[in-house]
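These are the residues of each chain, in order.
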Amino acid sequence: MAQVILDAAVRLVFPPAPLFADHFPGAPRVPGSCIVEAARRSLEASLPSWSVHELLGARFRHFVRPEEELLLQLRVSAASPDAAEARCSLLHGSARCADLRFRLVR
């Protein structure tokens, strides 16, 4: 049985940037790759002895606009001392914007 080693939430805000203006012109959105990277960095900052090995899955449900305040829920379960799986949900209010799964290793 896997042991939960992290159950936390992190607030995220993507500041305005020229990148977002081009994605999509007239209606800026945060690219999915930026969301994945923010989740990866949050995981590795929360668990410094672990590193993300791979992205197992990503589902984007709603667009994220720059400057929206978001909540990133992190739940990491370790199946062994050297392997873990992280499930991350990105929320804007009650709307679920994205679900991500990562494999972590020591």
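Relevant structure appears above.
Residues numbered from 1 in each chain as written. Predicted model: local features only at pLDDT ≥ 70, side-chain atom pairs only at ≥ 80, totals over all residues. Heavy atoms only, no water.

Asks: Explanation requested: the overall build of the protein in the structure shown.
Replies: Helices and strands together make up the secondary structure of the protein, namely two helices and five strands. The globule rule puts the C-alpha radius of gyration for 106 residues at 13 Å, and the 14 Å found for the protein is close to it. Referenced to the eigenvectors of the C-alpha coordinate spread, the extents of the protein come out at roughly 50 × 25 × 20 Å. Across the protein, the fraction of contacts at a sequence separation of at least 24, relative to all contacts at a separation of at least 6, is 66%. Element-wise, carbon and sulfur atoms account for 53% of the exposed surface of the protein, whose accessible area totals about 6300 Å². A distance of 5 Å separates the average location of the 13 positive side-chain charges in the protein from that of its 11 negative side-chain charges. (Helix = DSSP H or I, 4+ residues; strand = E, 2+ residues; numbered from the N terminus. Rg over C-alpha atoms; globule rule 2.2 N^0.38 Å. Contact = heavy atoms within 4.5 Å. Areas by Shrake-Rupley, 256 points an atom, 1.4 Å probe, with all protein chains shown as cover. Lys, Arg positive; Asp, Glu negative; His and termini not counted. Charge placed at Lys NZ, Arg CZ, Asp CG, Glu CD.)

Asks: It is not clear to me how the sheet that holds strand 2 (residues 51-60) should be interpreted in this structure. Could you clarify?
Replies: In any sheet, the strands associate via hydrogen bonds between backbone groups, in a parallel or an antiparallel arrangement. With antiparallel pairing, the five strands of this open sheet are ordered in space as 1-3-4-5-2. With partners counted over all chains shown, the strands left at the sheet margins are strand 1 (3-13) and strand 2, one partner each. Between one strand axis and the next, the sheet turns through 20° on average, direction left out of account. Inspection of the sheet shows strand 3 (residues 69-80) paired to strand 4 (residues 83-92) by nine bridges, in the antiparallel sense. Each bridged residue has a counterpart across the sheet, and for Ser80 the counterpart in strand 4 is Ala83. (Pairing = 2+ DSSP bridges. Axes fitted to C-alpha atoms, helices over the stretch in contact; angles between N-to-C directions.)

Asks: How should the state of the cysteines be read in this particular structure?
Replies: The bond known as a disulfide is covalent and runs between the sulfur atoms of two cysteines. Scanning the entire structure with this criterion turns up zero disulfides. With no disulfide of its own, Cys88 lies closest to Cys97 among cysteine sulfurs, the gap being 14 Å. Judged by relative accessible area, which is 2%, Cys88 ranks as buried. (Disulfide = S-S within 2.5 Å. Buried < 20%, exposed > 50% of the residue type's maximum accessible area, 1.4 Å probe, protein only.)

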